[in-house]
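Now for the letters of each chain:
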Amino acid sequence: MPSRVSDAIKPHKHVLDFTSLQELPESHAWSSLDSPSSNNPPTAADSSVSESVPVIDLDNPNAQELVGRACKTWGAFQVMNHGIETSLLDRIESTGKSLFSLPTHQKLKAARAADGVSGYGVARISSFFSKLMWSEGFTILGSPLEHARQLWPHDYNHFCGIIEEYEKEMQKLAGRLMGLMLGSLGIAQEDVDWAGPNKEGAAAIQLNSYPACPDPDRAMGLAAHTDSTLLTILYQNNTSGLQVLRDASGWVTVPPVPGALVVNIGDLLHILSNGSYPSVLHRAVVNRTQQRLSVAYLYGPPSNVQISPLSKLLDPTHPPLYRPVTWTEYLGAKAKHFNEALSSVQLCIPRTGLVNQNNVENRVEII
Ligand SMILES: C=C1C[C@]23C[C@@]1(O)CC[C@H]2[C@@]12CCC[C@@](C)(C(=O)O1)[C@H]2[C@@H]3C(=O)O
Ligand SMILES: O=C(O)CCC(=O)C(=O)O
Ligand SMILES: [Fe+2]
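Residues numbered from 1 in each chain as written. Chains lettered and ligands numbered in written order. Predicted model: local features only at pLDDT ≥ 70, side-chain atom pairs only at ≥ 80, totals over all residues. Heavy atoms only, no water.

## Some remarks on the side chain of Gln206
In this structure, Gln206 sits in strand E5 (residues 202-210). In terms of polar contacts, Gln206 uses its side chain to reach the side chain of Asn208, at 3.1 Å. Gln206 has contacts with Gly137, Phe138, Thr139, Ser294, Val295, Ala296 and Leu298, leaving out every residue within four places of it along the chain. (Helix = DSSP H or I, 4+ residues; strand = E, 2+ residues; numbered from the N terminus. Polar contact = N/O pair within 3.5 Å; in protein donor to acceptor, adjacent residues only side chain to side chain. Contact = heavy atoms within 4.5 Å.)

And the structure:
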């Protein structure tokens, strides 16, 4: 076991053997100078907030209306009766745990390539910060087979089987949630050609592990970000850590609710809804005693589809606020501009807030 911080960091430029550390290394100690204020670790004031993200029963006949309200006001909610078997959630949790408990040298055999998306490594948003995050992740885009073979040369099918089943079930749930979200905007899912029944979106799975941390108040599990997705479905184990930013209340913890899944709005739904359903800034904080595990299902449109504000939501007083983008193009903008990506695809808005009513083509004009 390494006794010095430098030894614990050595195996790979940015991956720590977290278990060997008794104190927080400087490389992982966040202060207000290291990040914009919205990224600061929580303060005592944050935990005094009483409001919390809505928990919606999908069997409730008013589910669509409740989803719409949550999307408008929170950008996130939790769902119950979502149709995903508890045993599948248990299996994804335990396979995630077994992945992250492999020795560091073994995990590094499946390291994400510098120009790649899939594989093991630190949070990809790390490059935007001077300090490192107290977490490790494993991203799956497409088949996990090659990486699974490197992690478990004799037993890779077990992992691949669980991932395949998880993807299939999550794809169904994501389609159902898209239907509710579009319905709550007054739009039939069938009217959006790439979102109709039997159409499959694209998706990635992100397994996150946040080890117990010797100095949680100065560490950051995953810094504040929005997802580039239409929507993200997050399974979190029974340890809290996820927080969403609510303008009036600051950072609000999304407590683990047994059997529930967290849903959050990503930037592409923000664009599609012309800003009616804003993507939500969220982050993960860490704690002193327990490892936390989360699994994000990042759901987007088929990669070649151009996403732009839905025409039914537009009129001369509601001009399109964003230009069309594909998911691939938007991920490029995110990699370059990070949390400024959404503004990078924003169209000019009238300075007066008024639009020339005679402009029948919905072109935005500054008057
Ligand atoms: C499809 C994707 C969304 C994502 C980038 C990725 O290519 C795969 C990982 C995703 C993730 C998960 C953690 C937070 C996030 C911002 C990141 O750095 O990697 C998201 C990306 C995203 O939504 O932009
Ligand atoms: O672990 C969490 O609670 C958040 C994870 C997350 O935001 C992500 O993977 O995009
Ligand atoms: Fe996220």
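Moving on, there is more to tell.
## As for the sheet that holds strand E9 (residues 250-253)
If you trace the four strands from one edge of the open sheet to the other, you get E6-E11-E8-E9, paired in antiparallel fashion. Here the strands that pair on one side only, and so sit at the sheet edges, are strand E6 (222-225) and E9. Ignoring which end each strand starts from, the neighbouring axes of this sheet average 25 degrees apart. The pairing of E6 with strand E11 (residues 282-284) spans two bridges and is antiparallel. Looking at the pairing, Leu222 lines up with Ala284 of E11. (Pairing = 2+ DSSP bridges. Axes fitted to C-alpha atoms, helices over the stretch in contact; angles between N-to-C directions.)

## Quick word on the site of ligand 1
Contacts to ligand 1 come from 13 residues, most closely from Val117, Arg124, Ile125, Asp227 and Ser228. For ligand 1, an oxygen atom lies 3.2 Å from a polar atom in the side chain of Arg124. Ser228 is positioned such that a nitrogen or oxygen atom in its side chain is 2.4 Å from an oxygen atom of ligand 1. Here ligand 1 loses 93% of its free accessible area of 460 Å² to cover by the protein chains. Elements that contribute at least two residues to the shell around ligand 1 include exactly E5 and helix H8 (327-337). Element by element, the count of residues in the shell around ligand 1 is highest for H8, at three residues. Looking at side-chain class alone, the shell around ligand 1 contains six nonpolar, four polar and three charged residues. (Near = heavy atom within 4 Å. Areas by Shrake-Rupley, 256 points an atom, 1.4 Å probe, with all protein chains shown as cover. Nonpolar A, V, L, I, M, F, W, Y, C, P; charged D, E, K, R; others polar.)

## A word on the site of ligand 2
Neighbouring residues of ligand 2: Gln206, Asn208, Tyr210, Leu222, His225, Asp227, Leu234, Leu242, His282, Arg292, Ser294 and Ala296. At a separation of 2.6 Å, an oxygen atom of ligand 2 approaches a polar side-chain atom of Tyr210. With respect to ligand 2, the side chain of Arg292 contributes an N or O atom lying 2.8 Å from an oxygen atom. Broken down by secondary-structure element, the contributors of at least two residues to the shell around ligand 2 are E5, E6 and strand E12 (292-300). Each residue belonging to the shell around ligand 2 can be placed in one class, and the counts come to five nonpolar, five polar and two charged.

## A closer look at the confidence of the model for the chain
Of the residues in the chain, 85% reach a pLDDT of 70 or more, and the chain-wide mean stands at 88. Contacts from residues 1-12, a stretch scored under 50 in pLDDT, to residues over four places away or in other chains number 18 contacts. In this model, residues 355-367 is a region of pLDDT below 50 whose contacts with residues beyond four sequence positions or in other chains number 27 contacts. Among the scores for the predicted complex, ipTM is 0.98 and pTM is 0.90. (pLDDT = per-residue confidence, 0-100.)

## Section: the packing of helix H3 (residues 86-100) against helix H6 (residues 156-184)
For the pair H3 and H6, the least separation of the axes is 10 Å and the interaxial angle reads 135 degrees. Here H6 runs oblique to H3, going by the angle between their axes. In this structure, H3 crosses over H6, and the sense of that crossing is left-handed. Of H6, the residues touching H3 (which contributes Leu88, Leu89, Arg91, Ile92, Thr95 and Leu99) are His158, Phe159, Ile162, Ile163, Glu165, Tyr166 and Glu169. (Parallel < 35°, antiparallel > 145°, perpendicular 65-115°, else oblique. Left-handed = near helix turned anticlockwise from the far one by under 90°.)

## Examining the packing of helix H2 (residues 63-73) against H6
The contact between H2 and H6 brings their axes to 8 Å, and the two run at 80 degrees. If you check the angle between H2 and H6, you find them roughly perpendicular. Residues Gln64, Val67, Gly68 and Cys71 of H2 lie in contact with H6, whose contacting residues are Gly179, Leu180, Met181, Gly183 and Ser184.

## Quick notes on the sheet that holds E12
Pairing within the open sheet is mixed, and its eight strands lie in the order E1-E2-E10-E7-E12-E5-E4-E3. Edge positions in the sheet fall to strand E1 (55-57) and strand E3 (119-121), since each has one partner strand and no second. Within this sheet the neighbouring strands show an average axis-to-axis angle of 25 degrees, counted without direction. Note that strand E7 (residues 231-236) and strand E10 (residues 261-265) share four bridges and pair antiparallel. Paired with Leu234 across the two strands is Val262, which belongs to E10.

## Observations regarding the environment of Ser279
Counting through the fold element by element, Ser279 comes out in the loop between helix H7 (267-272) and E11. A sequence separation of 24 residues divides Ser279 from Pro255, and the C-alpha atoms of the two residues are 20 Å apart. Polar side-chain contacts of Ser279 include one of 2.7 Å to the side chain of Asp267.

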